Amino acid sequence: MQTEEKDIIQRCREGDKTAFRVVVMRYQRMLLSLALKMLADEEDAKDVVQEAFIKAWVNMHLYDERSRLSTWLYTITSRLCLDRLKVSKRQQPLPEDEAFIRQYLSESDSQRQLENKDFVSLVRVFAQGLSEKQQLVFTLSQFEGLDSSEIEVITGMDATQVKSNLYYAKKTIRERLTKLGYV
Amino acid sequence: MYKVTLNRKEDKNDVDLDFMQLARVQRQNDTEAVVTEKRDLVDDFCQRMLRQQVKISDEEAFADEIISKLPDITPSVGKAETKKEQGRGISPIVIAIRVVSSVAAMLLIGLFVQMQTAETTSVAYLNESNARFVQMNSTDYNKCKTPHDFVLQLKKHKQAGIRLSEIKRIF
């Protein structure tokens with residue numbers, strides 16, 4: 001861990017909110033990305049991100065500096081997302097969700113920047129048929145670009161479980177992409 | 001998604017095409033489209049998604065809202081809150097029950113000790129030759145007003161054979 005971040009962590013542990021604001025600014029988009037792609041609801045995702053940062057603040061003395069701060073924050077956020085998914089019903093895809101995706105997939109200009117509502121549409125469609133764990137592993141691996149070892153730490157799964165969940169998630173999504181005309 | 005080499009009279013280049021685009025190119029008479037690689041649909045799709053980022057319309061305001069909700073902590077309070085968060089705190093009811101139980105136990109022990117103490121009393125008396133000690137029930141001992149009473153009590157406690165004349169002093 002860099003010295004600068006170590007210093008920030010120490011100040012956070014001493015109750016320095018200004019130091020913690022640096023952490024928030026640095027990682028809020030990262031956590032919102034995960035939460036949005038898990039929950040398919042922007043307001044729920046923002047709630048989870050707030051809750052995750054508050055938990056991190058209160059439990060900063062428990063953070064083990066041998067792992068990356070991003071990993072620890074991802075872990076907290078993942079668990080909150082899974083808790084939410086257990087309690088609330090998954091967002092069902094709307095007709096306009098599928099229409100948007102067909103249009104997006106057919107575009108040759110793949111440089112177009114998506115809006116947050118577009119991510120919501122994507123997750124509503126592609127999360128259908130996935131378990132929460134498959135969705136989490138797929139999101140961390142394919143959408144957040146994390147490697148397997150980090151995913152194991154975040155999810156608490158072993159390598160075989162991560163691989164298995166990723167395999168079935170990809171299989172389901174491949175079938176969906178094919179049905180949507182993406183080849 | 002397909003990696004395709006497009007061969008034309010004037011040039012040659014490598015492009016990425018989807019199925020519809022490939023089909024269109026293959027219909028062109030002046031172009032030869034050679035597929036060099038077919039990429040996995042999911043990998044291809046995910047590559048596109050990895051280039052995307054979610055947006056926070058006002059990052060400063062979003063962070064400020066989070067900071068405003070943080071509880072004030074000191075290292076010791078933080079730890080206490082954590083214990084509470086983890087459910088290891090002791091509730092007042094539990095504390096009260098423990099105190100009452102301890103007091104009751106102490107009272108019972110005290111009562112028991114008193115009873116034990118009341119049960120027997122070492123009574124010493126001197127006879128001509130030596131002092132002897134006998135165990136006597138305290139209640140009975142307290143009934144003794146005279147040495148004669150004492151002898152009667154001693155007999156009751158199976159200390160027969162003691163004569164009044166033997167008792168010189170009781171203490």
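Residues numbered from 1 in each chain as written. Chains lettered and ligands numbered in written order. Predicted model: local features only at pLDDT ≥ 70, side-chain atom pairs only at ≥ 80, totals over all residues. Heavy atoms only, no water.

Our focus in this paragraph is the overall build of chain B. A count of helices and strands for chain B gives 7 helices and 6 strands. Taking all 171 residues of chain B together, 27% fall into the buried category. A separation threshold of at least 6 residues defines the contact pool for chain B, and within that pool the share at least 24 residues apart is 36%. As displayed, chain B has an accessible area near 12,000 Å², and 56% of this comes from carbon and sulfur atoms. (Helix = DSSP H or I, 4+ residues; strand = E, 2+ residues; numbered from the N terminus. Buried < 20%, exposed > 50% of the residue type's maximum accessible area, 1.4 Å probe, protein only. Contact = heavy atoms within 4.5 Å. Areas by Shrake-Rupley, 256 points an atom, 1.4 Å probe, with all protein chains shown as cover.)

This next bit is on the confidence of the model for chain B. Residue and element names in this part refer to chain B. When pLDDT is averaged along chain B, the result is 71; 58% of the residues meet or exceed 70. At the low end of the mean pLDDT range in chain B sits helix H4 (residues 75–85), at 46; at the high end sits helix H3 (residues 59–68), at 94. pLDDT under 50 marks residues 77–88. Its contacts with residues more than four places away, or in other chains, come to 17 contacts. Interface confidence for the predicted complex, expressed as ipTM, amounts to 0.88; the pTM equals 0.64. (pLDDT = per-residue confidence, 0-100.)

Time to look at the packing of aromatic side chains. Evaluation of the coordinates by the stated rule reveals 8 aromatic pairs over all chains. When the centroid spacing of 6.0 Å and the interplanar angle of 15 degrees are considered together, the rings of Phe100(A) and Tyr104(A) count as stacked. Highlighted residues: Phe100(A) and Tyr104(A), both in helix H5 (residues 95–106), separated by 4 residues, approximately one helical turn. With centroids separated by 5.0 Å and ring planes inclined at 45 degrees, the aromatic side chains of Phe126(A) and Phe45(B) adopt a geometry described as tilted. Here Phe126(A) is found in helix H6 (residues 116–126), whereas its partner Phe45(B) is found in helix H2 (residues 41–50) on a different chain. On the accessibility criterion, Phe126(A) (5% relative accessible area) is buried. What links up through ring pairs into an aromatic cluster is the set Phe126(A), Phe138(A), Phe143(A) and Phe45(B). When the ring centre of Tyr104(A) is taken as reference, the NZ or CZ atom of Arg48(B) above it lies at 4.4 Å. (Phe/Tyr/Trp six-rings, centres within 6.5 Å; stacked < 30°, edge-to-face > 60°. Lys NZ or Arg CZ within 6 Å of the ring centre and 35° of its normal.)

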